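Tertiary structure, described
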Amino acid sequence: MAEVTVDVRDGLGWVTIDNPPVNALGRAVRQGLWDAVATLRDADVRAVVLTGAGRAFVAGADIRELGQTPVEPYLPDVLAAIADAPVPWIAAINGLALGGGLEVAMACHARIAAPSAKLGLPEVNIGIIPGSGGTVRLPRLVSMATAIKLVTSGKPIGAQEALESGLVDRLGEGDLLAEATAMAKDLAASGRPEPALARDLVAGDPIDWDAQAAQLRKRSRGAVAPLEALASLKCAARDPVEVALAGERERFLWLAASEEAAALRHVFFAERGAGQALKQAEAVPADLSRVGVIGGGTMGAGIATALLLAGSYVCLIERDDAAAQTAKTRVADTIAASVKRGAIAATKGESALARLGTDTEYAALRDCPLVIEAVFEDMGVKREVFTKLDAVMPAEAILATNTSYLDVNLLAETTKDPSRILGLHFFSPAHVMKLLEVVRGEATGARALATGGALAKLLRKIPVVAGVCDGFIGNRIMAAYRRDCEFMLEEGALPHQIDAAMQGFGFAMGIYAVQDMSGLDIAWAQRRARAPHRAPEERYAHIADRLCEAGRLGRKTGKGWYDYASGEAEVAPEVTGIIEEESAKAGRTRKVFTEQEIITRILATMQREGQAVLREGIAESADDIDVVMITGYGFPRHKGGPMYMARCAD
Ligand code: NAI
């Protein structure tokens, strides 16, 4: 089957890209387009309609080809041939037009899009920039401000926004191809529009390039592709077209061969490959149109919000009417904030909230095929919840816990059928964070696993399968490096130095700023619970305990690892004092740590614990560990993850 078909009908040429699943622009498609241009140049046609078969126009380059030596025909040449065609080429954008796909559309002389189409230049997400004239054509179709947003964020826009910005000329409200035909005939009659490169830049407000670069540098946390994308647009604004095109191609080629792009490609494939056991679970998942949630605190309300926004009905159980009302308000506030941010439409928010029911009796959960528990992190409380659930719920219902650390196997013991129990470890805020650790207990069955997979799909989350241990994959690795950071404090570092090193490496926040934000008390309770089991010879830093004893529980108490009296995080002399005292007590001579030493040590600890997690079969693969650390714990995506970095260093 040809990847590109050419047809002549009704005086028009029809070119259809058909390379399932998403019409990626591999070599065969580029060759097909190249041949189509030649064929139609000699045919008696007045205009050409170019479209995609299936759900995509063209979703982008073939990512497997990136990072290898490009092979002919090169996309820039194919696009130049389209733009040079004697008759107008109309891109009929039937679905996704991303990356190289949007570049193809921009090389055409006009664009019509289905209202459901999505258009974007997501190249920076895989460490590159558009490499076929995208940054030079785009500001000739939309304002430079819009071009900067599109190219440096990598975020796609919808068809309506594309129409308003000038990226497409029309929307095909009804039958897209019929409307494209009409447009083709109009243009054949009125004359071929200038191709984008022959047009002037779209007029707009002047751009302060230095301010843009400074902002972007902050946002991209060390990733270079977004800055190169901006630099390429600046050339497009300033240089003659040929110079800008050559400059863009040069940047594209070196970025495609860069470590950053290789790391981002690794993450791209690791995310798509994550959760293998769920893909293999051969069982029919539970129906998710109605889901029960127990506990409407931070996590329960977030999980309920995610489910409601995905279209499910939610029955939320709380301890009493007042708590149920508080939980409902929490969900309503979260949804209202999403509406205010523009993340969802007001009508969607309203209908989501209308699907929420609250109750205080477990009997209300009986028609929920899945129930997710998110009550206090306390084995006694959770066991009581599962015992009650086991008594009330039909035998086929799947029961899940959102525990962060507790033993899922011990919880499963409370039920007659432990195969229906699993962990579903969400991250806060649960309606935003992409990661879902699906925790497989010893007895967890295929149906429970399949349900975890189906839930991730419904909520558009990335599921990673984890075995049972203290903290599963992510919290276990984080606990290990948090402990090691405290040892570094004892040896001479200070919290702000460790945080600065982490931020310098590309983490959104340092570990101490994070702890202050989420509160120090839960980990404190956990350490106290574990204290009796600690071996006397085990190294233990008392610094965090002393902070808690001094009432320094984080931002919520106005002080934690930092002081917040001014509203901003400031170095806390009291904490420095405690650290120095503990160093002395432990008999350590304080030394100066460089940022590099701090990062090397944190990475080594993550990698050591990651290896242990793999050895023990807690994670299915090293790639899954990278996905967890990147999507759940702020590890910089453009570094590829701790396990990837270890592999590259070997
Ligand atoms: P929270 O304290 O904000 O909420 C717990 C809620 O459960 C409260 O509203 C409480 O009234 C309710 N509750 C307690 N016992 C109940 C019972 N028997 N029946 C019905 N409702 C009951 O706690 P949070 O932070 O939401 O944590 C809940 C669970 O999620 C814990 O297991 C925690 O370890 C886990 N988790 C927390 C994360 C976080 O970032 N806060 C992240 C991932 C998991």
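Everything numeric here is computed off the predicted structure, so don't read it as measured data. (Residues numbered from 1 in each chain as written. Predicted model: local features only at pLDDT ≥ 70, side-chain atom pairs only at ≥ 80, totals over all residues. Heavy atoms only, no water.)

What to know about the overall build of the protein chain
Each helix and strand counted, the protein chain has 27 helices and 20 strands in total. Taking 2.2 N^0.38 as the reference for a compact globule, 650 residues should give roughly 26 Å; the C-alpha atoms of the protein chain span a radius of gyration of 28 Å, in line with that estimate. In terms of its C-alpha atoms, the protein chain occupies a principal-axis envelope of roughly 85 × 60 × 45 Å. Taken over 650 residues, the protein chain has a buried fraction of 53%. Taking contacts inside the protein chain between residues at least 6 apart in sequence as the whole, the part at least 24 apart equals 73%. Total accessible area on the protein chain is roughly 27,700 Å²; 53% of this is exposed by carbon and sulfur atoms. Here the protein chain carries 71 positive and 83 negative side-chain charges, and the mean point of each set is 1 Å from the other. (Helix = DSSP H or I, 4+ residues; strand = E, 2+ residues; numbered from the N terminus. Rg over C-alpha atoms; globule rule 2.2 N^0.38 Å. Buried < 20%, exposed > 50% of the residue type's maximum accessible area, 1.4 Å probe, protein only. Contact = heavy atoms within 4.5 Å. Areas by Shrake-Rupley, 256 points an atom, 1.4 Å probe, with all protein chains shown as cover. Lys, Arg positive; Asp, Glu negative; His and termini not counted. Charge placed at Lys NZ, Arg CZ, Asp CG, Glu CD.)

Observations concerning the site of the ligand
Neighbouring the ligand are 23 residues; Met-299, Glu-318, Glu-377, Lys-382 and Ser-404 lie closest to it. The backbone of Val-375 places a nitrogen or oxygen atom 3.4 Å from an oxygen atom of the ligand. Lys-382 places a polar side-chain atom, nitrogen or oxygen, 2.6 Å from an oxygen atom of the ligand. Protein burial of the ligand: of its 830 Å² of free accessible surface, 79% is covered by the chains. In terms of residues, the shell around the ligand owes the most to one element, helix α16 (residues 379–392), which gives three residues. Class assignment of the residues belonging to the shell around the ligand gives a composition of 10 nonpolar, nine polar and four charged. (Near = heavy atom within 4 Å. Polar contact = N/O pair within 3.5 Å; in protein donor to acceptor, adjacent residues only side chain to side chain. Nonpolar A, V, L, I, M, F, W, Y, C, P; charged D, E, K, R; others polar.)

Considering the sheet that holds strand β9 (residues 157–158)
Read across the sheet, four strands follow the order β4-β6-β8-β9 without closing on themselves; strand pairing throughout is mixed. On the outer flanks of this sheet lie β4 (56–58) and β9, each paired with one strand and no other. Across the sheet, helix α3 (residues 100–107) is in contact with β4, β6 (96–98) and β8 (118–120); its angle to β6 comes to roughly 95 degrees. (Pairing = 2+ DSSP bridges. Axes fitted to C-alpha atoms, helices over the stretch in contact; angles between N-to-C directions.)

With respect to the UniProt feature "domain: 3-hydroxyacyl-CoA dehydrogenase NAD binding" (unreviewed entry) in the protein chain
Cross-referencing UniProt, the feature "domain: 3-hydroxyacyl-CoA dehydrogenase NAD binding" (unreviewed entry) maps to residues 291–466 in the present numbering. As a span, residues 291–466 carries 43% helix and 22% strand, and end to end its C-alpha atoms are 22 Å apart. (UniProt positions renumbered as here; feature names shortened; annotations may be inferred.)

Here's the deal with the nonpolar core
Counting 78 residues, the largest nonpolar core has Leu-389, Ile-473, Tyr-481, Ile-498 and Trp-561 as its most contacted members. Looking at this core, the element that brings in the most residues is helix α26 (residues 622–633), giving seven residues. Here this core spans two domains, since at least three of its residues come from each of domain 2 (285–466) and domain 3 (474–617). When sequence neighbours within four positions are dropped, the list of residues in contact with Tyr-481 reads Met-502, Phe-507, Ile-511, Ile-602, Thr-605, Met-606 and Met-629. The next biggest cluster of nonpolar side chains, apart from the first, holds 68 residues, and it includes Val-48, Leu-119, Val-151 and Ala-229. (Core = buried A, V, L, I, M, F, W, Y, C linked by side-chain atoms within 4.5 Å. Domains from an automatic or database assignment.)

A closer look at the UniProt feature "domain: 3-hydroxyacyl-CoA dehydrogenase C-terminal" (unreviewed entry) in the protein chain
Under the UniProt annotation, the feature "domain: 3-hydroxyacyl-CoA dehydrogenase C-terminal" (unreviewed entry) is placed at residues 471–564. Between the first and last C-alpha atoms of residues 471–564 the distance is 30 Å; the span itself is 57% helix and 2% strand.

A word on the domain arrangement of the protein chain
Domain parsing of the protein chain yields domain 1 (3–257), domain 2 (285–466) and domain 3 (474–617). Using C-alpha coordinates to define each centre, domain 1 is positioned 42 Å away from domain 2.

Some points on the pattern of salt bridges
Per the stated rule, a full pass over the model turns up 30 salt bridges. Among the ionic pairs, Arg-588 bridges to Glu-490, the shortest N-O distance being 3.4 Å. Taken together, the positions of Arg-588 in the loop between α24 (573–585) and α25 (595–615) and Glu-490 in helix α19 (residues 474–491) put the pair 98 residues apart, joining distant regions of the chain. When its relative accessible area of 3% is taken as the criterion, Glu-490 is described as buried. Linked by salt bridges that have partners in common, Asp-484, Glu-490, Glu-491, Arg-539, Arg-588 and Arg-601 make up one network. (Salt bridge = Lys/Arg side-chain N within 4 Å of Asp/Glu carboxyl O.)

Topic: helix α9 (residues 225–238)
Look at α9: 20 Å from first C-alpha to last across 14 residues, which is about the 20 Å you get at 1.5 Å a residue. In terms of burial, α9 is a largely internal element, 10 of the 14 residues being buried. On its buried side, α9 packs onto α4 (134–137), α5 (144–153), α8 (209–220), α10 (241–256) and α11 (259–273). (Expected span 1.5 Å × (residues − 1).)

Digging into helix α14 (residues 321–341)
Every α-helix winds through 3.6 residues per turn, so residues three or four apart in the chain are directed the same way. Over its 21 residues, α14 runs 30 Å from end to end, which matches the ideal 30 Å to within 8%, given 1.5 Å per residue. Listed as buried for α14 are Ala-323, Ala-324, Ala-327, Val-331, Thr-334, Ile-335 and Ser-338. Down the axis of α14, the buried set is contained in an arc of 115 degrees. They therefore lie on one face. In α14, the exposed positions angled more than 90 degrees off the buried face are occupied by Asp-321, Ala-322 and Lys-340. Buried positions along α14 lie against α13 (298–309), β12 (313–317), α15 (346–354) and β13 (356–359). Of the residues flanking the start of α14, the one acting as N-cap is Asp-320, its side-chain oxygen 3.2 Å from the backbone nitrogen of Ala-322. Just downstream of α14, Gly-342 is the residue with a positive phi angle, here 85 degrees. (Arc of directions from axis to C-beta.)

Quick notes on the environment of Asp-367
Its location among the elements puts Asp-367 in the loop between β13 and β14 (370–373). A C-alpha to C-alpha distance of 8.8 Å links Asp-367 and Gly-292, two positions 75 residues apart in sequence.

So, the sheet that holds β14
On the basis of which strands lie adjacent, the open sheet formed by eight strands has the order β13-β12-β11-β14-β15-β16-β17-β18 and mixed pairing. Each edge of the open sheet is held by one strand with a lone partner, namely β13 and β18 (462–467). In this sheet, neighbouring strand axes are inclined to one another by 25 degrees on average, regardless of whether the strands run parallel or antiparallel. As paired strands, strand β11 (residues 290–294) and β14 are joined by four bridges and run parallel to one another. If you follow Val-293 over to β14, its bridge partner there is Ile-372. Set on the sheet, α26 makes contact with β16 (421–426), β17 (435–440) and β18; between it and β18 the angle comes to about 120 degrees.

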